[in-house]
Amino acid sequence: MKDFAEPLARLIDELKRLPGIGQKSAQRIAFHLERSSREDAERLSAAILDAKDKIKFCSQCNNFTEVDPCRYCTDPGRSQEVICVVETPYNVVNVEKTREFNGRYHVLHGALSPLQGIGPEQLRLKNLFERLKGGQVKEIIVATNPNVEGEATAIYLSKLIKPLGIRVTRIAMGIPVGSELEFADEVTMLKALEGRREI
Amino acid sequence: MLNSFACRRVDISFEMPLRETEALVLRTHRLGEADKIVSLLTRQYGRLRAVASGAQRPKSRYGGTLEPLSYIRLWIFERENRDLLRINSAELAESFFSMQNDYRIQIAAQYVAEAAERFLPEREANERVFRLLLAVLRAIKRSGEVNRPLIYFNYWLLRLGGFLPDFGVCASCGAALGAQGYYSSGAHGLSCSACQLPQESFGLAVSDLNSVTASCQGTLDRWILSGKPPSGMNEVRRFLEALIETQLERKLVTRDLLEGGH
Ligand SMILES: [Zn+2]
Ligand SMILES: [Zn+2]
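Residues numbered from 1 in each chain as written. Chains lettered and ligands numbered in written order. Predicted model: local features only at pLDDT ≥ 70, side-chain atom pairs only at ≥ 80, totals over all residues.

Engineer: Tell me what's going on with the overall build of chain B, and back it up with residues and numbers.
Structural biologist: A count of helices and strands for chain B gives 8 helices and 7 strands. With respect to the three principal axes, the spread of C-alpha positions in chain B is 70 × 35 × 30 Å. Of all 262 residues assigned to chain B, the portion counted as buried reaches 39%. A separation of at least 24 residues holds for 58% of the contacts in chain B among residues at least 6 apart in sequence. (Helix = DSSP H or I, 4+ residues; strand = E, 2+ residues; numbered from the N terminus. Buried ≥ 20, exposed ≤ 12 C-beta atoms within 10 Å, placed from the backbone. Contact = placed C-beta atoms within 7 Å.)

Engineer: I'd love a proper account of unusual backbone geometry, names of residues and values included.
Structural biologist: Residue and element names in this part refer to chain A. With omega at 0°, the peptide bond leading from Asp-68 into Pro-69 counts as cis. Locating Pro-69 in the fold gives a position in the loop between strand S2 (64–65) and helix H4 (71–74). You will see that Asn-62, though not glycine, has its phi angle at about 70°, which is positive. Topologically, Asn-62 is positioned in the loop between strand S1 (56–57) and S2.

Engineer: Let's hear about the interface of chain A and chain B: which residues, and what values?
Structural biologist: Of the residues lining the interface, 23 residues belong to chain A; the matching set on chain B comes to 27 residues. At the level of secondary structure, the elements contributing two or more residues to the side of chain A that touches chain B comprise helix H7 (148–161) and helix H8 (186–194) of chain A. The element contributing the most residues to the side of chain A that touches chain B is H7(A), with 5 residues. Here the residues of the side of chain A that touches chain B are counted per class, giving 12 nonpolar, 8 polar and 3 charged. (Nonpolar A, V, L, I, M, F, W, Y, C, P; charged D, E, K, R; others polar.)

Engineer: I'd love a proper account of the nonpolar core, names of residues and values included.
Structural biologist: Residue and element names in this part refer to chain B. Counting residues in hydrophobic clusters, the biggest one holds 99 residues, and the most contacted among them are Ala-108, Ala-109, Val-112, Leu-133 and Val-136. In terms of residue count, the dominant contributor to this core is helix H2 (residues 103–119) (10 residues). Among residues more than four places away in sequence, those in contact with Ala-108 are Ile-140, Val-146, Leu-150 and Leu-258. (Core = buried A, V, L, I, M, F, W, Y, C linked by C-beta atoms within 7 Å.)

Engineer: Tell me about the pairing of strand S3 (residues 46–52) of chain B, and please be specific about residues and values.
Structural biologist: All names here are of chain B. Inspection of the sheet shows strand S2 (residues 35–42) paired to S3 by 7 bridges, in the antiparallel sense. Across the sheet, the residue bridging to Thr-42 is Gly-46, located in S3. Turn length for the S2-S3 hairpin, with the two strands adjacent in sequence and antiparallel, is 3 residues. (Pairing = 2+ DSSP bridges.)

Engineer: Before we move on, can you summarise the domain arrangement of chain A with the specific residues and values?
Structural biologist: The assigned domain composition of chain A is domain 1 (6–54) and domain 2 (74–173). For domain 1 of chain A versus domain 2 of chain A, the distance between C-alpha centres works out to 33 Å. (Domains from an automatic or database assignment.)

Engineer: Tell me about the domain arrangement of chain B, and please be specific about residues and values.
Structural biologist: Residue and element names in this part refer to chain B. You can read the domains of chain B as domain 1 (2–95) and domain 2 (102–260). Taking only C-alpha atoms into account, the centre of domain 1 sits 31 Å from that of domain 2. Every contact between the two is made by 14 residues of domain 1 and, on the other side, 15 residues of domain 2. Of all the secondary structure elements, the ones that give two or more residues to the side of domain 1 that touches domain 2 are strand S1 (15–31), S2 and S3. Considered class by class, the residues forming the side of domain 1 that touches domain 2 number 8 nonpolar, 3 polar and 3 charged.

Engineer: Can you explain the environment of A:Asp68? Please cite residues and give values.
Structural biologist: Residue and element names in this part refer to chain A. Its location among the elements puts Asp-68 in the loop between S2 and H4. Given 12 C-beta atoms within 10 Å, Asp-68 falls into the exposed group. When residues no more than four places from it in sequence are discounted, the contact partners of Asp-68 are Lys-56, Cys-58 and Ser-59.

Here it is in structure tokens:
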């Protein structure tokens, strides 16, 4: 990091710690900030601190929120019968973008990952089971990631929830839209076959 | 394919010719915005770490190939003066994805991956260890059993590494053990009742260890097909895992979860 003046190098180092930001992106952002006005930089740092201070976990669904319970949990227009379980608050945004889901959410803040020492105790599960006690919930949609950790989490949840008489469904895994079967590996193909539907 | 790959990389002149090998994926880490670092146990070259470009992208050509514990065939570039190799392409030979259906089996399989990753030195070819891992994962997947496959794995990992103690004698005073040996955490073997430390020690029947030793001389499949697991297997497994942790001088995170009994 000798190529940059020390304060700039420090900014790049901090930016690099953000998810998905590599050396090149960090440099691009740092140089952009350096060129922008002091007001712009102040607005950004104030926004970061404001979000950090004002955002908390929703006590019902663990989503990030300014008010507790969050707007998803209190919106009377959303069904209380379906809960979509996701790994991160960002995944709520992914599901919301479809504009097709009108139930509520539950954010686990992670997935079971033995190699990282993440077991069931490290996930935010307790308040999910409290929500299921009311008897209003008819279906849980498990929308964890389609990888080893996400799948293990989904199976684990279904084994705990199904005995309560609640339907547990898993989002489809398989061939990405816009790609071709020719390039699919056998796990992906198998998951696509398992998740087939009648048309 | 090779040419377009070469054109994209500036440092291609340092890359050595392509090699083909079979491998088990031990674990993956994200690298930057689009890539993954894949920790591998290869049949021909031992344990390696390699970069898979673009593997984080949703439409990555790797698909589910690089998920942990996949058995794959891969083509890699060696890069001069670099720790990390580069994966050119990979295809799935056998998937262990279905092991996620049972949480305890998933933990057992990840224990195998973690212990192998910690225990095996990088770039030291050891085909017997590769075959051991493959046989153990297949046995866990097929039988749904955890204890015997993990005992077999631990036993051979220790033995191939030269760290298996003599089960017949006390590791402290060298006296022959009677019917019972005791294990205290941090020890390199069993103690007799005189040398046993009162805290944190648990007892093992020497006859259980002898029968395990005999069973481990054959194939794992034969052991599992020989009938129900004998009693005392939990203690034997915990003892062998503790020996591995002692050798590593560190805790294995999957080991606690294995004891959790979820
Ligand atoms: Zn909420
Ligand atoms: Zn002794």
